[in-house]
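Coordinate inspection notes
So the chains spell out like this:
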Amino acid sequence: MTLATDIANDCDEFDGIETVTLRQIRPGGTNPVSVASVTSNPLTRRQMLALGGAIDLDGDAKNFSLNVTDVGSGGVKRGDQLIQSDNTVWTVVECALATLGTRWKVVAEQRP
């Protein structure tokens, strides 16, 4: 039995990395941007409380982390949308630059 020794992309599997479409919604129109290496996680208790505790615990909100370089100069703003490969649409409710300005930390929720 031979084992692969190239583990460079193992983090893709373990971290749940995916490519999403960021729909930047601005007054002048909508700009779709493909963003690679996106991770997502459930909200923390602190985030739920900061959002007024109105978010259900049934998975209708979560954290996303996006690479600044992929997002581009338009950045991420409240009201923008993230579209996953299965066409699940998430609306940005909170966003901020993090990790020394290299990642966008985003809280988004599914809206009917």
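Residues numbered from 1 in each chain as written. Predicted model: local features only at pLDDT ≥ 70, side-chain atom pairs only at ≥ 80, totals over all residues. Heavy atoms only, no water.

Sheet topology note: the strand E1 (residues 18–26)/strand E2 (residues 29–42) ladder contains eight bridges and is antiparallel. Across the sheet, the residue bridging to Arg23 is Pro32, located in E2. Hairpin geometry of E1 and E2 is characterised by an intervening segment of two residues between the two adjacent antiparallel strands. Note: E1 against strand E4 (residues 81–83), three bridges, orientation antiparallel. In the sheet register, Leu22 faces E4, and the bridge partner there is Leu82. (Pairing = 2+ DSSP bridges. Helix = DSSP H or I, 4+ residues; strand = E, 2+ residues; numbered from the N terminus.)

With that settled, the discussion passes to the packing of aromatic side chains. Applying the stated criterion to the full structure yields one aromatic pair. Centroid distance Phe64 to Trp90: 5.7 Å. Interplanar angle 65 degrees. Geometry classified as edge-to-face. Here the residue Phe64 occupies a position in strand E3 (residues 61–67), and Trp90 occupies one in strand E5 (residues 89–98), the gap between them amounting to 26 residues. Neither Phe64 nor Trp90 differs from the other in exposure class; each is buried. (Phe/Tyr/Trp six-rings, centres within 6.5 Å; stacked < 30°, edge-to-face > 60°. Buried < 20%, exposed > 50% of the residue type's maximum accessible area, 1.4 Å probe, protein only.)

Let's shift gears to the confidence of the model for the protein chain. Reading fine detail from the predicted coordinates is not recommended where pLDDT is low. Here the protein chain averages 85 in pLDDT, and 79% of its residues register 70 or above. At the low end of the mean pLDDT range in the protein chain sits helix H1 (residues 10–15), at 50; at the high end sits E4, at 98. For residues 7–12, every residue scores under 50 in pLDDT, and the model assigns this stretch three contacts once sequence neighbours within four places are set aside. (pLDDT = per-residue confidence, 0-100. Contact = heavy atoms within 4.5 Å.)

Attention shifts here to the pairing of E5. Where E4 meets E5, three bridges bridge the pair, whose relative direction is antiparallel. What sits directly across from Ile83, in E5, is Val89. Pairing geometry for E5 and strand E6 (residues 103–109), over seven bridges, is antiparallel. Bridging from a neighbouring strand, Ala98 pairs with Arg103 of E6. Hairpin remark: E5 followed by E6, antiparallel, with four residues in the connecting loop; positive phi at Thr99, about 50 degrees.

To continue, consider the side chain of Gln84. Relative to the helices and strands, Gln84 is located in the loop between E4 and E5. Of the residues examined, Gln84 reaches a relative accessible area of 11% and is grouped as buried.

For the rest of this paragraph, the subject is the sheet that holds E2. Reading around the barrel, the six strands line up as E1-E2-E3-E6-E5-E4 and close back on themselves, with antiparallel pairing between neighbours. For this sheet, the mean inter-axis angle between neighbouring strands, taken without regard to orientation, is 45 degrees. (Axes fitted to C-alpha atoms, helices over the stretch in contact; angles between N-to-C directions.)

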